[in-house]
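Chain by chain, the residues run as shown.
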Amino acid sequence: MMETLGFFATSWLDPSLLLLTALGTFAGIYIGAIPGLSVTMAASILISFTFKWEVNEALALIAGVYVGGVYGGARTAILLNIPGAPSAIATALDSYPLARKGLAGEAIGLSTVMSVIGGLVGVLALAIAAPLIADFAIKFTSRDYMLLGIIGILLVGTLSGESFAKGAFAGALGVMIGMIGLDPMTAEARFTYGSINLMGGVPFVVAMIGFFGVAEALAQLEHISAAPIKQKVARIVPSWSDVRRYLGLGLKSSGLGTLIGALPGTGGDIAALLAYDHAKRSTKNPEVPFGEGAKEGLIAPEAANNAAVGGAFVPMLTLGIPGDAVTAIIIGALYIHGLKPGPLLLTDTPHLFWFIVGNLTLANLFLLVFGLTGVRIFTKVVECPRAILIPLIIILSAVGAYAIQNNPVHITWALGFGVLGYFLKRYGFQVGPIILGVILGPMIDANYRRAMIGAQENIGTFIYDLLSHPISLVLTCALVFMFITQLPFVKNRKRQTRP
Amino acid sequence: MKTPDTLRPGERLFALLLVVFAGYAFWESYGISGFKGLTTGGVMPMLASGVMLATGVVILYDTLRRPASAETGLPALLAYLFPLRVVLFTALVAAFVAVIPYIGFLPASGALLFVAIWTLWSKGPVWAMAISALSVGVIYLLFGVVFQVILPTGSLWT
C-alpha cells in the first residue's frame, strides 16, 4: 500500500516533474483554446523532442498537455463560439449564449470546476475499475461500434439547429467527406477524381478548421462595424450553491464520459455529445432552454470530455488499445521508452501505472488553479477588434490546416470548407454535425463492413446478430428510441402534452 | 433554434441545389461499386448520400410550404448571401493562398494581415503595419520555433 502511494506521489514530490506537469497543463489550456492548434498535434510534436528524456518526464509533460488541452477547447467555445477542439463542439451550444448574456466568467468558472470533477472521476475510474471497464469494452464487437457511431450521428437531432432534417443532412454530408480517399479495405478510390491529394482523404482537423474557423470568420465580417467581442468576465469562481446544484449532473456526465472514453476509438468528442444529449433529455425544467444558455448544456459536456481522458487510458494501459488519438501517441511514447502497454504492464511495471494515475490527478489540480486564474488576460485576446481578430483567425486556421501533414493544399481545402460552411450557416444549418460525420463516418464504414462480413453478407443474419446479442440489442433499442423521438409528430405530441 | 416563419432570400433555390447535389453524390457513390455486394466500398457513400437526398427533399418541401419574405429577387439575394465585404475578403484570402507557393507563408501572412487590417480597421496603415509585423513574429515563434512546423517557403527566394 505504502509502495503504491509512493508511486502515486512520484510527480507530486519531484520538483522537476511537478514543474513539467504544471507547464504541460498551462500550455495545454492555450493549445486547446487556439483554433487550429490541436492537442494531438502538440503531443506528437512533443514526443519528437522528449524521446531522449526519462519516461516519467515525457509522460508528465504530455499528460499535462492532454488534460489542459481537452479543457482549453472550451475557452474559445465560450468566448468566441469557436470550439478549440472537437471535444468542445457540444460545449459551444450553450456556453456562447451564456457569454453573450454577460456570464462568460461564470461559464468559464463552471466549466473549470466541472472539468476538474470529470477529470478526477475519470482518474478514479482508471485507478479502481480499470480491469473491469477494460473487460466490458473488449466485449464490444464491430457491430456495436457501428451502432455507437450511428448513435453519434443521430445526435444531430440535438445539434441540428433549425430542424432534424438539416442536422441529418449535415451529418450525412460529413460522412461523405469522411469517405473521400482510398477505401482502406479494398484500396478503391472514392470521390478522388484522379487527384493524388484526395487519395489520402480529408483530415478531419482540416474540415474542422474550415467549417468552424474560416466560416465563423466570414460570418463575423457582417458585424465588423459592431463593437469588439467584449465578453463580460465578472465572477469566475462559481458559487457553492451552483456547484452543489449541478454536482449530480456533473457526476453522472463524468461516469458517462469515463465509459465512452474507455471504448477504443471514441474520445472526448463523442463523450461530450452523448452527455449533452443525456442532459437535454434528463433535465425536465431547465432555467433557460437548451441552446440558449442552459448551464446544464455547459456542465454535462465539460465534465464528460475531461472524464474521457481517464477513461481513454484504461484500454491503453490494460489492453494496449488506444482510447483516442492522443493515447495512441502516448502508446508510441511508451514503446519509444521500451515499455509495452498491455495486460502485463500493470503487473510488470506497477510503478508506471500508479505514476500515470498520480500525474493525471496532479494535472487536474493544476487545471483548477490555471482554469480559475488568468482568465481576464485570456479574454483580452478576444476583446481585440474584429478587424484584427478575423484576419488572425484566417492565418491561424491556415497554419493549423497546413501543419497537420505539412501540406499546403490543405489550406485551400480549409478555405473551401469555410465558404461552404458560411453558406450553410446563412440558411440555418449547424456545422457541428458535419464534423461529427467526418470523424465517425470512416469508423462506421469499417465496422459495418466487418460486421456484415461476419454475417456472411446476409441481411437476415446481420439483423439477427443485432437483436440476439445483449450489447447490440441495447444499442439498437437506443438507436430506434432516439430516431422515434426525433420524428415530427412525436415532437409535436411532446410539445402539446408539456404543461 | 427555431425555423423562421418566412423564407430567407434564396433559401428555396439553395434547398433545390442541395437536392441536386445530393442526387449527384448518390450517382457518384453508385459509380464506386454499384450494387455488387453489401460490403463494397460504395455501400456507405450510397447510404450517406441517400440520407442527404431524403433529408434534402424534406428541406425543399419545407421551403415550398413557407411563405417568401418581403425582400425577394436578385438584389436581396446578393445583399443577404454575398455582401461586398465578404466577397472582397474571400478574394483576398484566395489571393493569400495563391501567393504562398511564390512568396512563402510568413510574407503572405504579413501581406494579408496588413491589407485586411488596414481596410477593415480605421486606424491607418501604421497601426496595421505594426500589428501585422507583431502577429507574424508571434506566429513564427509559436509555430516555427516552439512547434517546429516547417512553414512553406516561397519559390521566389529559393
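Residues numbered from 1 in each chain as written. Chains lettered and ligands numbered in written order. Predicted model: local features only at pLDDT ≥ 70, side-chain atom pairs only at ≥ 80, totals over all residues. Heavy atoms only, no water.

**Points about the overall build of chain A**
Test applied: In this description a helix means any DSSP run of H or I spanning at least four residues, a strand means any run of E spanning at least two, and both kinds are numbered starting from the N terminus. Residue contacts follow a heavy-atom distance rule, with two residues in contact if any of their heavy atoms lie within 4.5 Å. Here the open area of atoms and residues is found with the Shrake-Rupley method and a 1.4 Å probe, where only the protein chains shown may cover a residue.
Along its length, chain A carries 24 helices and 2 strands. At a minimum sequence separation of 6, the contacts of chain A that also span at least 24 residues come to 79%. Accessible surface, chain A: about 18,200 Å² in total, of which carbon and sulfur atoms supply 68%.

**Focus on the overall build of chain B**
Under the convention used in this document: Throughout, exposure labels follow a simple rule: accessible area from a 1.4 Å probe, protein chains only, divided by the maximum for the residue type, with under 20% read as buried, over 50% as exposed, and the rest as partly exposed.
Counting its secondary structure elements, chain B contains 6 helices and 0 strands. The secondary structure elements of chain B, listed N-terminal to C-terminal, are α-α-α-α-α-α. Put simply, chain B has 158 residues, and 44% of those count as buried. Taking the contacts inside chain B whose residues are at least 6 apart along the sequence as the reference set, 63% of them involve residues at least 24 apart.

**Some words on the pattern of salt bridges**
All names here are of chain A. Quick note on the threshold: For salt bridges, the criterion is a side-chain nitrogen of Lys or Arg within 4 Å of an Asp or Glu carboxyl oxygen.
This model, assessed by the stated rule, comprises 13 salt bridges over all chains. D183 is the salt-bridge partner of R190, the closest N and O atoms lying 3.9 Å from each other. Taken as a pair, R190 and D183 share a single burial class, namely buried. For K295, the salt bridge is made with D242, and the minimal N-O distance between the two is 3.1 Å. Taken together, the residues span a long stretch of sequence, with K295 in helix α14 (residues 295-319) and D242 in helix α12 (residues 240-262) at a distance of 53 residues. On the accessibility criterion, D242 (10% relative accessible area) is buried.

**Re the packing of aromatic side chains**
Residue and element names in this part refer to chain A. Stated formally: Each pair of aromatic rings taken from Phe, Tyr and Trp, with Trp reduced to its six-membered ring, is defined by centres within 6.5 Å and is described as stacked if the planes are under 30 degrees apart, edge-to-face if over 60, and tilted in the remaining cases.
By the definition in use, this model includes 20 aromatic pairs over all chains. Both rings, one in F366 and one in F370, keep their centres 5.9 Å apart while their planes meet at 10°; by these two values the pair is stacked. One end of the pair is F366 and the other is F370, both in helix α17 (residues 350-372) and 4 residues apart, which spans about a single turn. On the basis of relative accessible area, F366 is assigned to the buried category, the value being 17%.

**Concerning the side chain of A:T25**
Residues and elements named next belong to chain A. Here T25 is to be found in helix α3 (residues 15-33). Assessed through its relative accessible area of 0%, T25 is described here as buried. Beyond its immediate stretch of four places on either side in the chain, T25 contacts G64, V65, G68, A363, F366, L367 and F370.

**Brief notes about the interface of chain A and chain B**
Counted only if it meets this: Here the quantity called buried area is the accessible surface, traced with a 1.4 Å probe, that two parts lose on coming together, added over both. Ten residues, namely Ala, Val, Leu, Ile, Met, Phe, Trp, Tyr, Cys and Pro, are considered nonpolar, four, namely Asp, Glu, Lys and Arg, are considered charged, and the remaining ones, Gly among them, are considered polar.
Between chain A and chain B, the contact holds 61 residues from the first and 66 residues from the second. Taken together, the two surfaces of chain A and chain B that pack against each other cover about 5,600 Å², and 77% of this comes from carbon and sulfur. Scanning the region where chain A abuts chain B turns up 1 salt bridge. Among the elements that take part in the side of chain A that touches chain B, helix α19 (residues 386-403) of chain A stands out by supplying 12 residues, more than any other. Of the residues assigned to the side of chain A that touches chain B, the class counts are 45 nonpolar, 6 polar and 10 charged.

**Concerning the nonpolar core**
What counts here: Grouping buried Ala, Val, Leu, Ile, Met, Phe, Trp, Tyr and Cys residues that are joined through side-chain atoms within 4.5 Å yields what is termed a nonpolar core.
In terms of nonpolar packing, the biggest core is built from 194 residues, with A:F313, B:F96 and B:F105 touching the most fellow members. Among the elements that make up this core, the one with the highest residue count is helix α6 (residues 89-138) of chain A (16 residues). With residues near it in sequence (within four places) discarded, B:F96 still touches A:I395, A:A398, B:F105, B:A108, B:S109 and B:L112.

**Topic: the environment of B:G42**
Relative to the elements of secondary structure, B:G42 occurs in the loop between α1 (11-33) and α2 (43-65). With residues up to four places along the chain from it excluded, the contact list for B:G42 reads B:S29, B:I32 and B:S33.

**Topic: the confidence of the model for chain A**
Threshold: The quantity called pLDDT is the predictor's confidence in a given residue, expressed from 0 to 100.
Mean pLDDT over chain A: 82, with 86% of residues reaching 70 or higher. Strand β1 (residues 181-182) of chain A holds the highest mean pLDDT among the elements of chain A, 94, whereas helix α8 (residues 156-159) of chain A holds the lowest, 54.

**Digging into the side chain of A:T112**
Mapping A:T112 onto the fold places it in helix α6. Residues contacting A:T112, with those up to four places away along its chain left out, are A:Y71, A:L367, A:L368, A:G371 and A:L372.

**Quick notes on unusual backbone geometry**
Unusually for a residue other than glycine, A:F191 sits at a positive phi of about 55°. Counting through the fold element by element, A:F191 comes out in the loop between β2 (189-190) and α10 (196-199).

**Observations concerning the environment of A:L23**
Residues and elements named next belong to chain A. Within the element layout of this structure, L23 appears in helix α3. In this structure L23 comes out as exposed when scored by relative accessible area, which is 51%. As a C-alpha pair, L23 and A363 span 340 residues in sequence and 9.6 Å in three-dimensional space.

**Some thoughts on helix α9 (residues 164-179) of chain A**
Residue and element names in this part refer to chain A. For clarity, the threshold we go by: Multiply 1.5 Å by the residue count of a helix minus one, and that product is the helix's expected span.
With 16 residues, α9 should cover 22 Å at 1.5 Å per step; its first-to-last C-alpha distance of 22 Å lies within 8% of that length. Within α9, 16 of the 16 residues are buried, leaving the element largely enclosed by the surrounding structure. G181 sits one or two residues past α9 and shows a positive phi near 120°.

**Concerning a nonpolar patch on the surface**
Residue and element names in this part refer to chain A. Convention followed: The residues that make up patches have over 30% relative accessible area and no salt bridge, and they are joined within 9 Å when like-charged or within 5 Å when they are Val, Leu, Ile, Met, Phe, Trp or Tyr.
A contiguous nonpolar patch, built from W12, L13, L18, L120 and L365 and spanning about 420 Å² of accessible area, is present on the exposed surface. Secondary-structure assignment places L120 in helix α6. Assessed through its relative accessible area of 32%, L120 is described here as partly exposed.

**Quick notes on the packing of helix α11 (residues 204-220) of chain A against helix α21 (residues 432-454) of chain A**
Residue and element names in this part refer to chain A. Put simply, the rule is: Here an axis means a line fitted to C-alpha atoms, over the contact stretch when the element is a helix, while the angle between two N-to-C directions is reported on a 0 to 180 degree scale. Any angle that falls under 35 degrees is termed roughly parallel, while one over 145 is termed roughly antiparallel, one within 65 to 115 roughly perpendicular, and all others oblique.
Put simply, α11 and α21 touch, their axes get as near as 10 Å, and they point 175° apart. Classified by the angle their axes make, α11 and α21 are roughly antiparallel. Together, F204, A207, M208, F211 and F212 of α11 and G432, I434, I435, V438 and I439 of α21 make up the contact between the two elements.

**A look at the confidence of the model for chain B**
Of all residues in chain B, 97% have pLDDT values of 70 or greater, and the mean over the chain is 89. Of all the helices and strands in chain B, helix α3 (residues 74-81) of chain B carries the lowest mean pLDDT, 86, while α1(B) carries the highest, 95.

**Quick look at the packing of α9(A) against α1(B)**
The test is simple: Two helices that cross are described as forming a left-handed crossing if the nearer one is turned anticlockwise from the farther one by less than a right angle, and a right-handed crossing if clockwise.
For the pair α9(A) and α1(B), the least separation of the axes is 12 Å and the interaxial angle reads 40°. The chirality of how α9(A) crosses α1(B) is left-handed. Taking contact as the criterion, the partners of A:K166, A:F169, A:L173 and A:M176 in α9(A) are, on α1(B), B:E11, B:L18, B:F21, B:A22, B:A25 and B:S29. Across the contact of α9(A) with α1(B), the residue classes break down as 7 nonpolar, 1 polar and 2 charged.

**Description of helix α4 (residues 84-103) of chain B**
If you check α4(B), its first and last C-alpha atoms are 27 Å apart, about what 20 residues at 1.5 Å a residue would give, namely 28 Å. Among all positions of α4(B), only B:V86, B:F89, B:T90, B:V93, B:F96, B:V97 and B:I100 are buried. Next to the buried residues of α4(B) lie α11, α19 and α20 (409-426) of chain A together with α5 (105-120) of chain B. Directly after α4(B), the chain includes B:G104, whose backbone phi takes a positive value near 95°.

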